[in-house]
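Report on the structure
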Amino acid sequence: MARRMTQWETDVRRGMGVGAGLAVFIGVVDIVSIVLLVTRPLSFGTFILGLALVLSLGLLALMAYWLYGLFLSRYLLDRNELVIQWGAVQQVVPMGQVEAVFTGEEVEGPVRFSGGRWPGHCVGFGEVPIPGGEPTPTLFYATVPPQWQIYVATPGLVYGLSPAQRDDFLESLL
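Scope of this entry: the structure provided in the associated data block. (Residues numbered from 1 in each chain as written. Predicted model: local features only at pLDDT ≥ 70, side-chain atom pairs only at ≥ 80, totals over all residues. Heavy atoms only, no water.)

Quick word on the sheet that holds strand 1 (residues 6-9)
Hydrogen bonds between backbone groups are what pair the strands of a sheet, and the pairing can be parallel or antiparallel. Strands sit in the order 1-2-3-4 across an open sheet of four strands; the sheet is antiparallel. What marks the edges here is a single partner per strand, and that holds for strand 1 and strand 4 (89-94). Within the sheet, the average angular offset between the axes of one strand and its neighbour, ignoring direction, is 20°. Across four bridges, strand 2 (residues 74-77) lies against strand 3 (residues 81-86) in antiparallel orientation. Across the sheet, residue Y75 finds its bridge partner in strand 3, namely I84. Contacts between helix 3 (residues 166-173) and the sheet are confined to strand 1, strand 2 and strand 3, with strand 2 contributing the most and set at about 30° to the helix. (Pairing = 2+ DSSP bridges. Helix = DSSP H or I, 4+ residues; strand = E, 2+ residues; numbered from the N terminus. Axes fitted to C-alpha atoms, helices over the stretch in contact; angles between N-to-C directions. Contact = heavy atoms within 4.5 Å.)

Here it is, written out as structure tokens:
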């Protein structure tokens with residue numbers, strides 16, 4: 001018999017809008033760069049522009065990957081486990097390993113973050129100081145800034161989350 005897990009959605013509207021806008025901007029710059037490259041004579045300037053184009057195409061691919069993850073983001077929860085789904089990534093956190101649950105408002109000290117961050121998208125890794133403890137490696141799968149996230153601490157790793165129904169999700173975790 002299959003278990004019934006509660007699904008918690010993320011609010012992707014802002015992140016998708018801003019991210020799509022950034023991707024369109026990068027795409028327009030790439031098109032202009034291509035036009036310039038094919039209409040200008042070969043020079044050091046066109047060589048640099050070509051290198052910039054290659055780098056921006058990589059950035060465009062990364063943006064598409066991040067937007068794909070954001071579009072498919074959600075959390076699943078039952079009494080046995082928390083499942084974080086973000087695009088093709090699926091993190092399974094056994095509830096028996098959860099040592100603490102706290103909010104960004106309870107964090108004392110700086111939060112370190114590296115990854116994809118724009119309004120409505122905060123996905124990457126870093127460190128969050130556990131209340132009364134040391135900074136701990138953290139994976140962020142959220143649509144809000146760190147100070148508004150819910151943190152789930154396990155031995156050696158913290159997860160930063162942002163369900164749309166924050167208070168109800170927090171109550172379900174506790």
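A look at the pattern of salt bridges
All told, the structure shown has three salt bridges when counted by the stated rule. Of the charged contacts, one joins D11 and R13 as a salt bridge, the two residues approaching to 2.8 Å between their closest N and O atoms. Residue class for D11 comes out partly exposed when judged on its relative accessible area of 31%. Its salt-bridge partner being E127, residue R112 comes within 3.0 Å of it at the nearest N-O pair. Within this pair, whereas R112 is found in strand 6 (residues 112-118), its partner E127 is found in strand 7 (residues 121-129), the two being separated by 15 residues in sequence. The class of R112 is exposed, set by a relative accessible area of 54%. (Salt bridge = Lys/Arg side-chain N within 4 Å of Asp/Glu carboxyl O. Buried < 20%, exposed > 50% of the residue type's maximum accessible area, 1.4 Å probe, protein only.)

Read these as spatial facts, not as claims about activity.
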